[in-house]
Each structure stands twice: as C-alpha cells, then as structure tokens.
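Topology and contacts: notes
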Amino acid sequence: MARDYYEVLGVSRNASADEVQQAYRKLARRHHPDVNSDPSAEERFKEINEAYSVLSDPDTRKRYDRFGPDFRSIPEGYEEWVGAGQGAGRGGAGAGAGVRGGVRVEEGFGGVDFEDLFGSLFGARGAAGPIPGADQEAELELTVEEAYRGGKRNVTLSGPSGPRSFEVTIPRGVVDGQRIRLPGQGGRGGGNVRAGDLYLVVRLAPHSRYRVSGRDIYVDLPVTPWEAALGAMVPLTTPGGEAKVRVPPGSSSGRRLRLRGEGMPNPRGSPGDLYAEVRIAVPPKPTDRERELFEQLASESTFDPRRP
C-alpha cells in the first residue's frame, strides 16, 4: 500500500502550502541520487516528488484528502456519494496503451471496480445509472529547457481506439512528477455522460549538462587554474540564458556557488536556486610558454593539497 503523502513529506494534514514546499525542498536536497549514494535514495526521491506533486496542487490535494490514494480513479461525478477520506475499489482490469512522441498512457479504470463500488452504494449493480469516464494518466517527457520555459507542445497518444492528438500548454517551471490536467480527455463514460480527465505526468529527461533536484538546478562550472586561484567573473549558460558568476579567489574543484532564484521558476511561490559547481580544467596540450610558467609555479609554490 502506498505511504501517506503527508507522512512522506513529514508534515501535518493541515500544513500550509509554504510548509509543504519547505519540507519538499529539504527532503529533495537530502535524497537526490546525485548527492546521496544510498541505493534506496532514488526510490525515496521519486516518492518525495510524487507526494509533492499531489499536495502542492490545491485541487488535487483536496481530492486526495477526501478519497485517499485511489483519488485519481474516482469519477468526479460521484464525489457526493463517497465519504471523506475514503479510498476506492479493488481489483478491476486496466489495459495498457502504446507509446508515441515520448508519451506513455495507461487506459482503463486504474484498478477500481466501479460497478461493484457504486452498486453497493445504491443497492444493486447498475442502479446508479450511467457512469462517468475514469481519469487516466500518461507520462510526458520534457527536457530541462522545455520545463523551464513552458509553452505549447503537440502530443499524440496511441491507444485501443486509435491515436489522439492534443496541443498541450506546459506551465513554466514544471518539475518532475507534476501533473498537467486535460479536462474531458480521459476515459469515455457510459451513455451520454462526461468523459474523465487526462493527467500528463511530467518526467524530466536526463540532461548532459543540468541536474535538477526539485526546483534547484545544478551545473558544472569549468574554470582555469588561474581563475580559480585569483578569482574571476566567468560566463555560465543556464536554462534561462547566459549569466555571469563571480568565482572567489582560492576556489577549489567542488566549490558550490549559489545563484539565488535562478533555478526552476515557480508560479505559486519562490523559484528554485541554481548551483554552479567549480571544476578546474587545465590545458590538455600546454604551449611551451604555458609549460614554462607551470614549471616556475611548481618550483616556487609551497602549496601541497595532500597535506593534512
């Protein structure tokens, strides 16, 4: 059984949006696989992202509070018949659909036997009348740049009833695990009733340059030995464009320079930060003059990085 999302983030059920965000950022930094070598860190990080994606959205959080972990499978038309905090269903069948354009979708009722659920509420199977369509999920893979900028994206889903295409508006600053709702694009209902909703679950593709933890972005900052030793202002390419970073004198590889507010945008609160990690690079083929200067430095310097 899935853990309670409030328990995952370590907050109370009446926690404010700011408290939820603060708890998420603290846990995401601690358990990101890039900074935590524990074999279980990756799964824990995914669990934290999943909990935050639900509790950070007011509408989704409200449905989760009312229906529990199966809230996505409960048709909205039946909300008045289900008690507060009650989970749904058992056992029903779902059918997997295909993958196209970086999107994976699952068709069906997500493991909930609606006929059994609502038949028991009204005394007999089918007595409740036509059943609205169930909500569905699909995964939408985005690059870090796409998630940072947001914008329009054409998405094609392939399923048992054939391909369906949508123009999706991607909010600026979406994060891994966040859901984009497409009303009425989910499973078809029985009879002349509304269809369910389709939720596109954002998955950030691995990037050769950027590492994302929650809304914070990490990037390597290559510098020369003299820039690291003497200090310098150096250019840095970020998802939002080019920035200037001040490297303090005496910076060693691994030093982390924080650019406050330059991480993933957040329409509902504070943006993330960008961390530039110093990486000292040397000339792969030094010229005769460069070699001469390095040799002079080696003969005159008393610095020993291996000294305790």
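Residues numbered from 1 in each chain as written. Predicted model: local features only at pLDDT ≥ 70, side-chain atom pairs only at ≥ 80, totals over all residues. Heavy atoms only, no water.

1. Focus: the side chain of Asp273
The following threshold applies: Strands are runs of DSSP state E lasting at least two residues, helices are runs of H or I lasting at least four, and both sets are numbered from the N terminus onward. We call a residue buried when its accessible area falls under 20% of the maximum for its residue type, exposed when it is over 50%, and partly exposed in between, using a 1.4 Å probe and counting protein chains only. Any pair of nitrogen or oxygen atoms within 3.5 Å is treated as a polar contact; in protein, a donor-acceptor pairing is required on top of that, and neighbouring residues in sequence qualify only through side-chain atoms on both sides. By definition, residues are in contact when any of their heavy atoms lie within 4.5 Å.
By secondary structure assignment, the location of Asp273 is in the loop between β12 (256–259) and β13 (274–280). Judged by its relative accessible area of 3%, Asp273 is buried. A distance of 2.8 Å separates polar atoms of two side chains, one belonging to Asp273 and the other to Arg258. Look past the residues within four positions of Asp273 in its chain and what remains in contact with it is Arg25, Arg29, Arg215, Asp216, Ile217, Arg258, Leu259, Arg260, Gly261, Glu262 and Gly263.

2. Some remarks on the confidence of the model for the chain
As a reminder, the rule being used: The predictor attaches a confidence to each residue, and that confidence, scored 0 to 100, is pLDDT.
Mean pLDDT for the chain: 80, with 78% of residues reaching 70 or above. The low-confidence segment residues 79–128, where pLDDT is below 50, has 105 contacts with residues more than four positions distant or belonging to other chains.

3. Topic: the pairing of β12
Basically, it comes down to this: For two strands to pair, DSSP has to find at least two bridges joining them.
Burial along β12 is one-sided: Leu257 and Leu259 are buried, while Arg256 and Arg258, pointing the other way, are not. Direction of pairing for β12 relative to β13: antiparallel, over a ladder of four bridges. Looking at β13, one finds that Leu257 is bridged to Ala276.

4. Some points on the sheet that holds β13
In plain terms, the rule: Every axis in this analysis is a line fitted to C-alpha atoms, fitted for helices over the stretch in contact. Angles between the N-to-C directions lie between 0 and 180 degrees.
Reading across from one edge, β8-β9-β13-β12 is the order of the four strands in this open sheet, with mixed pairing throughout. The open sheet has two edge strands, β8 (210–213) and β12, and neither has a second partner. Adjacent strand axes in the sheet meet at a mean angle of 30° when their direction is disregarded. With seven bridges joining them, strand β9 (residues 216–223) and β13 adopt parallel strand pairing. Looking at β13, one finds that Leu221 is bridged to Val278. Sitting on the sheet, helix α2 (residues 17–31) touches β8, β9 and β13, and the angle it makes with β9 is about 45°.

5. Considering the packing of α2 against helix α3 (residues 41–55)
As a reminder of what qualifies: If an angle is under 35 degrees, it is roughly parallel; if it is over 145, roughly antiparallel; if it lies from 65 to 115, roughly perpendicular; otherwise it is oblique. Whether a crossing is left-handed or right-handed is set by the direction in which the near helix is turned from the far one by less than a right angle, anticlockwise for left-handed and clockwise for right-handed. As a working rule, the residues Ala, Val, Leu, Ile, Met, Phe, Trp, Tyr, Cys and Pro are called nonpolar, Asp, Glu, Lys and Arg charged, and the rest polar, with Gly in that last group.
Put simply, α2 and α3 touch, their axes get as near as 9 Å, and they point 165° apart. It follows from the interaxial angle that α2 and α3 lie roughly antiparallel. Pair α2 / α3 crosses with left-handed handedness. Counting all contacts with α2, which are made through Val20, Gln21, Tyr24, Leu27, Ala28 and His31, the residues of α3 involved are Ala41, Arg44, Phe45, Ile48, Asn49, Tyr52 and Leu55. Classifying every residue of the contact of α2 with α3 gives nine nonpolar, three polar and one charged.

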